[in-house]
Amino acid sequence: MTRMTRMSAEQAMHQALREEMQHDPDVLLMGEGVATKQRDLVTDFGADRVRNTPLAEAIIAGTAVGAAASGLRPVIDLLFAPFMAYAMDALVNSAGKLRYLSGGQFRFPLVAIGMTGTGWCVGAQHNHNLEAMFVHAPGLKVVMPAEPADFKGLLKAAIRDDNPVLFFADLGLLHQEGEVPDADDFIVPIGKAALRRIGSDVTLVSYAKTVAVCLEAARQLADRGISAEVIDLRSLKPLDEDAVLQSVRKTRRLVIVHEASGLCGIGAELAALAAGKAFAALRAPVVRLTGPDAPMASSWALEQAAVPQPETVTDSVLELVAYGASAPHWLGDALPGGAMATEPVLMKSY
Amino acid sequence: MDHEQDIAAGPLRRLETMLLIRAYENQLVELQRNGAPGTCTSVGQEACAVGVVEALDVRDRIVTNHRSAGHLIARGADPGRLMAEVLGRVDGYCGGRSGSLHISARELGVVLTSTIVGGELSLAPGVALAQKMGKGEPGGIVAVFFGDGAACEGIFHEALNLAVHWQLPMLFVCENNQWQAFVHRLETMADTAIAEWARGHGLPVETVDGNDVEAVHDAAIAAVAGIRASGRPCFLELSTYRQRGHFEPDDQAYVDPAELQAWLARDPIRMQRERLLERGLIDAVGLAAMAQHTRERIETALAFAQASAWPAPDSLLEHVYA
């Protein structure tokens with residue numbers, strides 16, 4: 001049986017870093033305060049491999065890219081995800097493109113970590129779920145875990161990957177605890193979603209903090225006799241398309257939930273995926289429940305108003321289940337106005 | 001080659017390499033006139049490339065930019081494979097994926113060429129850090145080539161600060177060619193700004209006539225020796241001039257003709273040729289033979305590039321990921 005220890009997501013990340021630095025002498029950690037905050041790593045692995053940096057994200061990222069191409073496996077902590085805007089050139093133009101443009105002469109095994117998400121009331125310049133921006137950049141991989149075990153397993157997988165991986169850590173999850181496998185060969189493969197709850201009436205797809213929102217909604221729906229399946233994507237690039245399609249073909253309804261804004265987001269991609277590859281299975285329009293196309297406020301009340309809540313998910317699923325109930329599903333959109341049980345909910349932003 | 005021999009052979013070799021770079025880039029200009037993709041040439045800046053690259057050895061790495069033909073050729077790149085790359089063919093150094101703008105040749109130690117102005121400065125410290133941490137051959141340094149335009153990017157300061165503070169074995173080479181795309185640098189900075197900014201970061205800085213290949217070479221030899229001995233970075237500002245436009249084609253209508261003429265009179269190849277004639281290291285017959293040899297190499301290169309196949313369309317998605 002797998003031995004487990006209860007710890008926070010932040011502790012799980014630290015354990016992953018420690019194990020991978022032990023496992024591979026080429027792994028090094030750089031960032032503003034990594035050596036200050038993780039003295040034990042400096043003690044065990046030396047100041048060469050655990051480096052505080054100037055407060056300059058562009059050169060932190062650029063240095064990581066140059067070092068990765070030269071035989072090291074850097075992990076950089078860029079603190080808050082919006083600071084990655086300063087690091088975009090190195091990550092997007094160099095790490096994501098120079099392997100391709102050089103005809104495969106270089107590889108860039110590096111990990112860039114950024115925190116984001118609601119919960120700390122830090123406002124839009126520290127809280128911006130911009131993961132989809134990096135999904136749109138070729139040559140990069142993007143992960144965003146929801147559970148402490150995945151924080152460990154995905155960070156280890158990211159460090160071992162030969163490609164640049166963006167690791168987004170949801171602020172609201174960092175201090176939440178969970179069971180984490182002790183094994184130092186525990187790896188969560190990049191590109192594999194996790195089925196968090198089995199259901200038959202609707203598929204709820206999410207990642208990071210809103211996985212818990214979906215699980216709470218699923219419990220509320222169960223009380224009303226509706227069986228919701230919950231998928232935690234874990235990786236946003238590559239996306240586990242098969243996991244989503246398999247579930248949608250079974251439940252025939254799809255709701256995507258994320259804190260990031262909706263326009264050109266992960267939800268849009270999954271809606272297109274379902275429309276393109278599971279069209280015949282769908283009984284109702286695909287619904288996206290996302291943050292708004294607006295900067296995030298600091299106020300707790302406005303932060304919470306901006307992101308999907310369990311009740312929002314539950315209400316949307318109830319509408320979806322009622323949608324087209326009086327007519328064959330394949331007639332749904334062709335029915336004259338008023339004949340539908342409810343208006344289709346194409347997208348809601350909260 | 002020992003030092004005594006190099007006193008005679010070095011200057012001749014540097015002239016020949018500059019001639020090859022010039023002929024190669026003139027050939028690219030002609031290809032562009034016939035419909036090939038345009039390039040950013042380094043015509044007029046050959047002494048910078050040759051003088052510095054000849055001061056490096058096989059342990060060293062070069063990180064360069066979009067105006068890279070001189071650095072590559074001085075490092076021994078095959079003009080045929082370079083030209084094939086510019087024409088988008090499979091035999092190019094990058095299989096045709098780069099074109100002229102971001103040619104890397106790992107086998108020559110020319111790594112991570114970035115066409116984002118300032119990108120080269122962001123990447124080079126990491127290459128040097130890896131060398132310092134035991135990757136690559138012991139004692140290797142990184143020479144990073146950039147222009148006065150890149151010196152206006154914030155990353156210029158970030159890279160210098162990190163290199164100084166982390167004691168990275170780096171040679172910063174600013175080829176100050178007076179032009180930042182379509183803007184003269186004196187519109188954007190004080191005349192002596194680049195060297196002063198660099199000095200402010202606390203590393204040895206020297207400003208050198210970038211059109212005098214021997215002056216560049218001497219300064220680079222000294223700088224490289226200093227970097228190897230100390231493990232710390234040095235900075236060379238090479239004053240030179242971009243004789244052609246930012247990109248081909250470019251009518252240069254924005255260029256002051258008097259300024260251009262003054263710099264053409266100090267053309268680096270002309271200066272080296274006159275120097276060698278004066279010193280009796282070459283004569284008219286020797287120059288003609290050198291020119292002929294260069295012409296033949298470019299003809300061979302062109303034939304090779306034009307005979308090279310296009311990449312197969314089904315190779316489109318190769319090398320996106322490792």
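Calculation criteria
Residues numbered from 1 in each chain as written. Chains lettered and ligands numbered in written order. Predicted model: local features only at pLDDT ≥ 70, side-chain atom pairs only at ≥ 80, totals over all residues. Heavy atoms only, no water. Helix = DSSP H or I, 4+ residues; strand = E, 2+ residues; numbered from the N terminus. Rg over C-alpha atoms; globule rule 2.2 N^0.38 Å. Buried < 20%, exposed > 50% of the residue type's maximum accessible area, 1.4 Å probe, protein only. Contact = heavy atoms within 4.5 Å. Areas by Shrake-Rupley, 256 points an atom, 1.4 Å probe, with all protein chains shown as cover. Pairing = 2+ DSSP bridges. Buried area = accessible area lost by both parts, 1.4 Å probe. Salt bridge = Lys/Arg side-chain N within 4 Å of Asp/Glu carboxyl O. Polar contact = N/O pair within 3.5 Å; in protein donor to acceptor, adjacent residues only side chain to side chain. Nonpolar A, V, L, I, M, F, W, Y, C, P; charged D, E, K, R; others polar. 1 Å grid on protein atoms, 1.4 Å probe; cavity = no way out; pocket = protein on both sides within 12 Å on 5 of 7 lines; lining within 4 Å. Points joined across faces, edges and corners; volume = space filled by probe spheres on them. Domains from an automatic or database assignment. Axes fitted to C-alpha atoms, helices over the stretch in contact; angles between N-to-C directions. Expected span 1.5 Å × (residues − 1). Arc of directions from axis to C-beta.

This brings us to the overall build of chain A. Helix and strand counts for chain A come out as 13 helices and 15 strands. For 350 residues, the compact-globule estimate of 2.2 N^0.38 gives 20 Å, and the C-alpha radius of gyration of chain A, at 21 Å, lies within 12% of that figure. For chain A, the C-alpha atoms occupy an extent of roughly 70 × 45 × 40 Å along the three principal directions. The proportion of buried residues among the 350 residues of chain A is 59%. A separation of at least 24 residues holds for 78% of the contacts in chain A among residues at least 6 apart in sequence. For chain A, the exposed area adds up to about 13,400 Å²; of that, 55% sits on carbon and sulfur atoms.

All names here are of chain A. Most of strand β11 (residues 228-232) is tucked away: 5 of the 5 residues are buried. Here β11 shows no split at all, with A228, V230 and D232 on one side and E229 and I231 on the other all buried. Where strand β9 (residues 194-197) and β11 come together, 3 bridges link them in antiparallel fashion. Within β11, the position partnered with L195 by the bridge is I231.

Another aspect to go through is the interface of chain A and chain B. Each partner contributes residues to the interface: chain A has 41 residues there, and chain B has 36 residues. Taken together, the two surfaces of chain A and chain B that pack against each other cover about 3,200 Å², and 65% of this comes from carbon and sulfur. For the pair chain A and chain B, the interface holds 1 salt bridge. A salt bridge links D26 of chain A to K135 of chain B, with the shortest nitrogen-to-oxygen separation between them at 2.8 Å. At the surface where chain A touches chain B, the tally comes to 13 residue pairs in polar contact (both at pLDDT 80 or more). Of all the secondary structure elements, the ones that give two or more residues to the side of chain A that touches chain B are β2 (27-31), β3 (50-52), α4 (57-69), α5 (84-95) and α6 (98-101) of chain A. In terms of residue count, the dominant contributor to the side of chain A that touches chain B is α4 of chain A (8 residues). When its residues are assigned to classes, the side of chain A that touches chain B shows 16 nonpolar, 15 polar and 10 charged.

This part takes up empty space enclosed by the protein. Residues and elements named next belong to chain B. Here the structure, examined in full by the defined rule, presents 5 cavities of 30 Å³ or more. Taken as a whole, the largest cavity spans an internal volume of roughly 90 Å³. Looking at the largest cavity, it is lined by 14 residues, and the ones nearest its centre are Y24, L28, S68, A69 and S100. Contributing elements (two or more residues each) for the lining of the largest cavity: α1 (3-33), α3 (69-74) and α4 (79-86). The leading source of residues in the lining of the largest cavity is α1, at 3 residues. Residue composition of the lining of the largest cavity, by class: 8 nonpolar, 4 polar and 2 charged.

This paragraph deals with the domain arrangement of chain A. All names here are of chain A. Per the domain assignment, the segments making up chain A are domain 1 (4-181) and domain 2 (194-349). On a C-alpha basis, the centres of domain 1 and domain 2 stand 29 Å from each other. Residue-level contacts link 30 residues of domain 1 with 23 residues of domain 2. In this assembly, domain 1 packs against domain 2 so that about 2,000 Å² is buried in total across both faces, 55% of it on carbon and sulfur atoms. Area buried by domain 1 at its contact with domain 2 is led by T118, C121 and M144, which between them contribute 25% of it. Inspection of the region where domain 1 meets domain 2 yields 4 salt bridges. Here D150 makes a salt bridge to R196, at a shortest N to O gap of 2.6 Å. Remark: the boundary between domain 1 and domain 2 carries 15 residue pairs in polar contact (both at pLDDT 80 or more). Among the elements of the structure, α7 (131-135), β6 (141-143) and α8 (148-160) are those that each provide at least two residues to the side of domain 1 that touches domain 2. Per-element tally for the side of domain 1 that touches domain 2: the top contributor is α7, with 4 residues.

Looking now at the environment of R266 of chain B. All names here are of chain B. One can find R266 in the loop between α9 (257-264) and α10 (268-278). Assessed through its relative accessible area of 30%, R266 is described here as partly exposed. C-alpha separation for the pair R266 and L72, spaced 194 residues apart in sequence, amounts to 23 Å. One polar contact links R266 to D209, side chain to side chain, over a distance of 2.3 Å.

Before going further, it helps to examine the layout of surface pockets. All names here are of chain A. What the largest pocket holds in volume is close to 590 Å³. Forming the walls of the largest pocket are 28 residues, and the residues nearest its centre are A132, M133, L263, C264 and G265. Broken down by element, the residue count for the lining of the largest pocket peaks at 4 residues, all from α7. In the lining of the largest pocket, the residues fall into 17 nonpolar, 6 polar and 5 charged. For the lining of the largest pocket, the two domains that each supply at least three residues are domain 1 (4-181) and domain 2 (194-349). Within this model, the second largest pocket holds a volume of roughly 410 Å³. Taken together, 17 residues line the second largest pocket, and the ones lying closest to its centre are E10, M13, K37, Q38 and D77. Elements that contribute at least two residues to the lining of the second largest pocket include exactly α1 (9-23), α2 (34-37), β4 (73-80) and β5 (111-116). Of the residues contributing to the lining of the second largest pocket, the split by class is 10 nonpolar, 3 polar and 4 charged.

Residue and element names in this part refer to chain B. Here we have 5 strands laid out as an open sheet, ordered β1-β2-β3-β7-β6, and parallel in their pairing. Edge strands, defined here as strands with exactly one partner in the open sheet, are β1 (61-63) and β6 (205-209). The mean inter-strand angle of the sheet, taken between neighbouring strand axes irrespective of direction, is 20°. Alignment of β1 against strand β2 (residues 142-147), held across 3 bridges, turns out to be parallel. In the strand pairing of β2, I62 is matched with A143. Along the sheet face, helix α6 (residues 154-165) touches β2, β3 (170-176) and β7 (234-239) and points at about 150° away from the line of β3. Where helix α8 (residues 213-230) meets the sheet, its contacts fall on β3, β6 and β7, and the angle it forms with β6 comes to roughly 160°.

Residues and elements named next belong to chain A. Its 12 residues give helix α11 (residues 266-277) an end-to-end C-alpha distance of 16 Å, which sits within 8% of 16 Å, the value for a rise of 1.5 Å per residue. Residues of α11 that are buried include every one of I266, G267, L270, A271, L273 and A274, and no others. Looking down the long axis of α11, one finds its buried residues gathered within 160° of arc, a one-sided arrangement.

Turning our attention to helix α7 (residues 193-200) of chain B. Residue and element names in this part refer to chain B. Along α7, the positions that sit buried rather than exposed are A193, I194, A195 and A198. Among the structural elements, α6, β3, β6 and β7 are those in contact with the buried residues of α7. Directly after α7, the chain includes G202, whose backbone phi takes a positive value near 85°.

All names here are of chain A. Strand order in this open sheet of 7 strands is β3-β2-β4-β5-β7-β6-β12, and the pairing throughout is mixed. The open sheet has two edge strands, β3 and β12 (235-237), and neither has a second partner. If you compare each strand with its neighbour and ignore which way they point, the axes differ by 20° on average. Two elements, β2 and β4, share 5 bridges in a ladder whose sense is parallel.

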